[in-house]
Amino acid sequence: DAGITQSPRHKVTETGTPVTLRCHQTENHRYMYWYRQDPGHGLRLIHYSYGVKDTDKGEVSDGYSVSRSKTEDFLLTLESATSSQTSVYFCAISEQLLAGGPSGNNEQFFGPGTRLTVL
Amino acid sequence: GESVGLHLPTLSVQEGDNSIINCAYSNSASDYFIWYKQESGKGPQFIIDIRSNMDKRQGQRVTVLLNKTVKHLSLQIAATQPGDSAVYFCAENAGYSTLTFGKGTMLLVSP
């Protein structure tokens with residue numbers, strides 16, 4: 001398995017509280033991604049990073065912020081958690097961006113996931 | 001607990017059968033496609049990819065077919081095994097830096 005860890009793996013919190021999820025990689029990959037996975041929706045991109053301090057929004061970024069102060073860590077923060085943010089969150093990493101990359105290693109490696117419940 | 005498998009289309013096969021999982025994609029500009037496998041409680045795992053300049057690509061026991069005319073992708077698994085039981089997702093890339101994922105199909109393999 002690619003060296004990706006997520007912490008915590010499970011969290012239960014209350015509406016209105018701040019929550020930070022951490023993704024840590026040991027692969028030195030440039031690109032990192034945060035997704036959420038919900039029944040009936042598949043995986044949806046929240047934010048991604050293309051380098052230290054370089055981030056961009058994904059499809060469902062409202063209510064989330066991210067930070068990447070070093071290559072190996074990508075943090076996802078819910079400033080004020082809501083029940084609609086109850087989900088399973090996955091971090092992913094890749095060596096290359098998908099667009100324009102040569103054929104071959106465009107794979108995104110996923111972490112084990114964090115199950116977040118907002119009561 | 002809540003499962004990503006709820007409400008998914010399901011394909012049930014016997015061990016040893018060949019399985020075909022289908023995916024309709026939405027963007028005619030998509031030029032790169034990936035199939036992922038997700039076992040219960042785990043993150044998605046890359047299976048095989050294909051670019052739009054190909055219509056077929058083979059891996060170990062898996063084959064991906066791409067029909068750009070009807071925007072259809074399929075994953076064929078030969079000699080399906082119980083360990084193949086999982087949710088399978090297709091994903092497409094339309095020239096940007098991110099993937100768009102399908103909702104998935106659950107494959108159940110009976111011994």
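For the structure given in this document, a descriptive report is provided here. Predicted model only: the values in this text are computed from it and were never measured.

Attention shifts here to the overall build of chain B. Looking only at helices and strands, chain B has zero helices and 10 strands in total. Taken from N to C terminus, the helices and strands of chain B fall in the order β-β-β-β-β-β-β-β-β-β. A buried classification covers 41% of the 111 residues belonging to chain B. The long-range share in chain B, meaning contacts at least 24 apart out of those at least 6 apart in sequence, stands at 54%. Accessible surface, chain B as shown: approximately 5,600 Å² in total, 47% of it carbon and sulfur. Across chain B, the 9 positively charged side chains and the 9 negatively charged ones have centroids separated by 5 Å.

On to the overall build of chain A. A count of helices and strands for chain A gives zero helices and 11 strands. Order of helices (α) and strands (β) in chain A, N terminus to C terminus: β-β-β-β-β-β-β-β-β-β-β. Evaluated residue by residue, chain A yields a buried proportion of 48% over its 119 residues. Considering only contacts in chain A between residues 6 or more positions apart, those separated by 24 or more positions represent 57%.

All names here are of chain A. Here we have four strands laid out as an open sheet, ordered S1-S3-S8-S7, and antiparallel in their pairing. Of all the strands in the sheet, the pair left with one neighbour each is strand S1 (4-7) and strand S7 (65-70). Across the sheet, the mean angle from the axis of one strand to that of its neighbour is 20°, orientation sign disregarded. One ladder, built from six bridges, connects strand S3 (residues 19-25) with strand S8 (residues 73-78); its direction is antiparallel.

Turning to the packing of aromatic side chains, a few remarks are in order. Within this structure, the stated rule accounts for 11 aromatic pairs over all chains. Taking the centre distance of 6.2 Å and the plane angle of 25° together, the rings of Tyr33 of chain A and Tyr48 of chain A count as stacked. Here Tyr33 of chain A, found in strand S4 (residues 31-38), pairs with Tyr48 of chain A, found in strand S5 (residues 42-51); they are 15 residues apart in sequence, far enough to count as distant. When sorted by exposure, Tyr33 of chain A lands in the same class as Tyr48 of chain A, which is buried. Ring geometry for Phe110 of chain A and Tyr36 of chain B: centres 5.4 Å apart, planes at 90°, overall edge-to-face. On the criterion of chain membership, the pair formed by Phe110 of chain A in strand S10 (residues 108-110) and Tyr36 of chain B in strand S3 (residues 32-38) is interchain, its members lying in two chains. On the accessibility criterion, Phe110 of chain A (11% relative accessible area) is buried. Here the aromatic residues Tyr33, Tyr35, Tyr48, Tyr50 and Phe110 of chain A together with Tyr36, Phe46 and Phe101 of chain B are joined through ring pairs into a cluster of three or more.

All names here are of chain B. Sheet architecture is open: four strands sit in the order S2-S7-S6-S5, paired in antiparallel fashion. Each of the sheet's edge strands pairs with one partner strand only, and the pair in question is strand S2 (19-24) and strand S5 (56-58). Direction aside, neighbouring strands of the sheet carry axes that sit 15° apart on average. Bridge analysis of S5 against strand S6 (residues 62-67) gives three bridges, and the strand direction is antiparallel.

In this section: the state of the cysteines. In the structure shown here, the tally under the stated rule is two disulfides over all chains. Disulfide pairing places Cys23 of chain A opposite Cys91 of chain A at an S-S distance of 1.9 Å. In this structure, the disulfide formed by Cys23 of chain A and Cys91 of chain A twists by about -70° around the S-S bond and is classed as left-handed. Taken together, the positions of Cys23 of chain A in strand S3 and Cys91 of chain A in strand S9 (residues 87-94) put the pair 68 residues apart, joining distant regions of the chain. Assigned by exposure class, Cys23 of chain A and Cys91 of chain A land together as buried. Here Cys23 of chain B engages in a disulfide with Cys90 of chain B; their sulfurs sit 1.6 Å apart. In this pair, Cys23 of chain B is assigned in strand S2 and Cys90 of chain B in strand S8 (residues 86-93), connecting sequence segments 67 residues apart. Take Cys23 of chain B and Cys90 of chain B: they sit in the same class, and that class is buried.

About the thresholds
- Residues numbered from 1 in each chain as written.
- Chains lettered and ligands numbered in written order.
- Predicted model: local features only at pLDDT ≥ 70, side-chain atom pairs only at ≥ 80, totals over all residues.
- Heavy atoms only, no water.
- Helix = DSSP H or I, 4+ residues; strand = E, 2+ residues; numbered from the N terminus.
- Buried < 20%, exposed > 50% of the residue type's maximum accessible area, 1.4 Å probe, protein only.
- Contact = heavy atoms within 4.5 Å.
- Areas by Shrake-Rupley, 256 points an atom, 1.4 Å probe, with all protein chains shown as cover.
- Lys, Arg positive; Asp, Glu negative; His and termini not counted.
- Charge placed at Lys NZ, Arg CZ, Asp CG, Glu CD.
- Pairing = 2+ DSSP bridges.
- Axes fitted to C-alpha atoms, helices over the stretch in contact; angles between N-to-C directions.
- Phe/Tyr/Trp six-rings, centres within 6.5 Å; stacked < 30°, edge-to-face > 60°.
- Disulfide = S-S within 2.5 Å.

Remember, this is a structural readout, not a statement about activity or role.
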